[in-house]
Amino acid sequence: MRVSTAVLVGLFLTAVGSAQLLHDQKAQTFTRADSLRGMLTPLRTCYDLTYYHLDVRIDPSTKTVAGSNTVVFNVVTDFDRMQLDLFENMKIERIVLDDGRTVPFTREFGAVFLELPEKLKKDALRSVTLYYSGSPIVAKRPPWDGGFIWTEDKEGNPWVAVACQGTGASLWWPTKDHQADEPDSMLISITVPPGLQNISNGRLRETTTLPDGWIRYDWFVSYPINNYNVTVNVGKFAHFNDVYVSGSDTLTLNYYVMP
């Protein structure tokens, strides 16, 4: 009797395990869109990122992002076609090569294929600037679901952030959306409405009030950075600072918190 019970339990567990395996296999079905974002094709390995300048305006009233990203790269092998990435719900207005020529492009899902006017030569340092705009997808359950978070603080002021580690940074800015390549440094320029601030990665270089009253915050990242770590925090913050001292070394510390 004990042997029979053990056999039945074993068969039951085997059946459950097989069902779970089949479920997992179905859940892991990959699409063409997955391949375009996940694979290191020659259209991605032909260049090596060195620098980004992300320069965008964030408008909490319309829940939109608009601006540009300049992509600086070393040419690894001669090419006249390359891939960058931006979610298909975001509009690309134009792409410009560093010599001023407009670059034609096609799109498939989140992939953007640049058709360059000539072959870029190996070891050259070149750049393209993508101008774009749109309403990024909204995170339903951040940080587990990727997207923008448009909310308010307790005083009713706009409070904006983004979660994109799992979903991909290309949900809100044009980038080479693959973890195998990172820029060596980056300038993050975020323009926000009067009365609000933006806190991003790196060190604050400059704050500029523009003719229309909006304020641009320039944050410089002096080290390699994953694109999904690039972030914004738009709202009203109180700022205080301190200095950490360790022997002869010092490090300035900046804190931004709700007032």
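Refer to the structure presented above.
Residues numbered from 1 in each chain as written. Predicted model: local features only at pLDDT ≥ 70, side-chain atom pairs only at ≥ 80, totals over all residues. Heavy atoms only, no water.

Enquirer: With reference to specific residues and values, describe the nonpolar core.
Expert: Judged by nonpolar contacts, the single largest core of 53 residues is most densely connected at Ile-58, Val-128 and Trp-172. Among the elements that line this core, the one with the most residues is strand S1 (residues 47-59), at 6 residues. If we ignore the near neighbours within four places in the chain, the residues touching Val-128 are Asn-69, Thr-70, Val-71, Phe-73, Leu-84, Ile-95, Val-96, Leu-97, Leu-114 and Leu-116. (Core = buried A, V, L, I, M, F, W, Y, C linked by side-chain atoms within 4.5 Å. Buried < 20%, exposed > 50% of the residue type's maximum accessible area, 1.4 Å probe, protein only. Helix = DSSP H or I, 4+ residues; strand = E, 2+ residues; numbered from the N terminus. Contact = heavy atoms within 4.5 Å.)

Enquirer: Quick one: what's the story with the sheet that holds strand S13 (residues 215-221), residue by residue and with numbers?
Expert: Sheet strands pair by backbone hydrogen bonding; their relative direction is either parallel or antiparallel. If you trace the 7 strands from one edge of the open sheet to the other, you get S4-S7-S2-S1-S10-S13-S12, paired in mixed fashion. Of all the strands in the sheet, the pair left with one neighbour each is strand S4 (91-97) and strand S12 (203-209). Recorded for the sheet is a direction-independent mean angle of 15° between the axes of neighbouring strands. (Pairing = 2+ DSSP bridges. Axes fitted to C-alpha atoms, helices over the stretch in contact; angles between N-to-C directions.)

Enquirer: Go over the pattern of salt bridges with me, naming the residues and quoting the values.
Expert: A full pass over the atoms with the stated rule returns 10 salt bridges. Taking the shortest distance from any N to any O, the salt bridge between Arg-126 and Asp-98 comes out at 2.8 Å. Of this pair, Arg-126 sits in strand S7 (residues 125-134) while Asp-98 is found in the loop between S4 and strand S5 (105-108), placing the two residues 28 residues apart along the sequence. With a relative accessible area of 16%, Arg-126 lands in the buried category. Judged by relative accessible area, Asp-98 falls into the partly exposed class, the value being 37%. As a salt-bridge pair, Lys-176 and Asp-181 come within 2.8 Å of each other at their nearest N and O atoms. Both residues of the pair, Lys-176 and Asp-181, belong to the buried class. One connected set of salt bridges, linked through shared partners, spans Asp-99, Arg-101 and Glu-118. (Salt bridge = Lys/Arg side-chain N within 4 Å of Asp/Glu carboxyl O.)

Enquirer: Now, about the pairing of S7: what can you tell me, with residues and values included?
Expert: Within S7, 8 of the 10 residues are buried, which leaves the element mostly enclosed by the surrounding structure. Taken together, the 10 bridges between strand S2 (residues 64-75) and S7 define a ladder with antiparallel strand orientation. Looking at the pairing, Asn-74 lines up with Leu-125 of S7. Bridge count for S4 against S7 is 6 bridges, and the pairing is antiparallel. Paired with Ile-92 across the two strands is Tyr-132, which belongs to S7.

Enquirer: Would you mind going over the sheet that holds S5 in detail, with residue names and values included?
Expert: Strands sit in the order S3-S6-S5 across an open sheet of 3 strands; the sheet is antiparallel. The open sheet has two free edges, formed respectively by strand S3 (79-85) and S5, since each of these has just one partner strand. Averaged over neighbouring strand pairs, the angle between their axes works out to 25° when direction is ignored. Pairing between S3 and strand S6 (residues 111-120): 6 bridges, direction antiparallel. If you follow Met-82 over to S6, its bridge partner there is Leu-114.

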